[in-house]
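One letter stands for each residue in the lines below.
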Amino acid sequence: MEIAKEETIMSIAGNTFDLMFGYFSLVFGFLVMSHLAAKKLSSELVLVVIGLFTLACLVININFYALNVDLDHLYLFMMEQKLSGAYDLSWFGMNPAWVPRSLTILQVILGLGGYFGSIFFFFHSKKKTASD
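Residues numbered from 1 in each chain as written. Predicted model: local features only at pLDDT ≥ 70, side-chain atom pairs only at ≥ 80, totals over all residues. Heavy atoms only, no water.

In regions of low pLDDT, the predicted coordinates are not meant to be interpreted in detail. On average, residues of the protein chain score 85 in pLDDT, and 86% of them are at 70 or above. Ranking the elements of the protein chain by mean pLDDT puts helix H1 (residues 2–37) last, at 84, and helix H2 (residues 43–84) first, at 89. (pLDDT = per-residue confidence, 0-100. Helix = DSSP H or I, 4+ residues; strand = E, 2+ residues; numbered from the N terminus.)

Encoded structure:
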């Protein structure tokens, strides 16, 4: 049973890692599009582009949060097992319980910051290029 928990942790961590780089790719692509095409978009297309970007960011950020919360709970469960002697992986659980929780909060803040920063850059690019 212990191997299944380790595999679960590694699977969740891998999925979170994949989501993180997918999110960075999405934000970077949006920033490039903003720089190159913001001034060319009509008001209707701005709504479509912002709406699609918002939806994609929302899905990824909710997945970030859900995976990290699951990972946090699994980590705490394994820590309890280790403390009770039922789990004897001596190298596992060296981080205090607040570390994974803090990382969850920081990843959500990073995701929201990337979203709002991208939206700001989009409208800044649109305004800047329209006034040039």
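Attention shifts here to the side chain of glutamine 107. Structurally, glutamine 107 is set in helix H3 (residues 98–131). Looking at glutamine 107, its side chain comes within polar contact range of the side chain of asparagine 68, at 2.2 Å. Excluding anything up to four places from it in sequence, glutamine 107 contacts Thr16, Met20, Phe64 and Asn68. (Polar contact = N/O pair within 3.5 Å; in protein donor to acceptor, adjacent residues only side chain to side chain. Contact = heavy atoms within 4.5 Å.)

Further remarks concern the packing of aromatic side chains. Enumeration according to the criterion identifies eight aromatic pairs in this entry. Here phenylalanine 30 and phenylalanine 53 contribute two aromatic rings whose centre-to-centre distance is 3.8 Å and whose plane-to-plane angle is 10°, an arrangement assigned as stacked. With phenylalanine 30 in helix H1 and phenylalanine 53 in helix H2, the pair connects residues that are 23 residues apart, well separated along the chain. According to the relative accessible area criterion, phenylalanine 53 is buried, its value standing at 3%. (Phe/Tyr/Trp six-rings, centres within 6.5 Å; stacked < 30°, edge-to-face > 60°. Buried < 20%, exposed > 50% of the residue type's maximum accessible area, 1.4 Å probe, protein only.)

Let's shift gears to H2. When the terminal C-alpha atoms of H2 are compared, their 61 Å separation across 42 residues agrees well with the 62 Å that a helix rising 1.5 Å per residue should span. With its phi angle positive at about 90°, glycine 85 sits one or two positions after the end of H2. (Expected span 1.5 Å × (residues − 1).)

The biggest cluster of nonpolar side chains holds 22 residues, and the ones touching the most others in it are Tyr23, Phe53 and Phe122. Per element, the largest residue contribution to this core is 10 residues, and it comes from H2. Apart from the residues lying within four places of it in its own chain, the contact partners of tyrosine 23 are Cys57, Ile60, Asn61, Phe64, Gly111, Gly114 and Tyr115. (Core = buried A, V, L, I, M, F, W, Y, C linked by side-chain atoms within 4.5 Å.)

This paragraph deals with the environment of phenylalanine 53. For phenylalanine 53 and phenylalanine 30, which are 23 residues apart along the polypeptide, the C-alpha to C-alpha distance reads 7.7 Å. Once residues lying within four places of it in the same chain are set aside, the contact partners of phenylalanine 53 are Leu26, Val27, Phe30, Tyr115, Ser118 and Ile119.

Its location among the elements puts serine 34 in helix H1. Looking at serine 34, its side chain comes within polar contact range of the main-chain oxygen of phenylalanine 30, at 2.8 Å.

A few words now on a nonpolar patch on the surface. A contiguous nonpolar patch, built from Phe17, Phe21, Phe24 and Leu110 and spanning about 390 Å² of accessible area, is present on the exposed surface. Here the nonpolar patch gets three residues from one element, more than from any other, and that element is H1. Positionally, phenylalanine 21 belongs in helix H1. The class for phenylalanine 21 is partly exposed, based on a relative accessible area of 42%. (Patch = residues over 30% accessible without salt bridge, like charges linked within 9 Å, V, L, I, M, F, W, Y side chains within 5 Å. Areas by Shrake-Rupley, 256 points an atom, 1.4 Å probe, with all protein chains shown as cover. Salt bridge = Lys/Arg side-chain N within 4 Å of Asp/Glu carboxyl O.)

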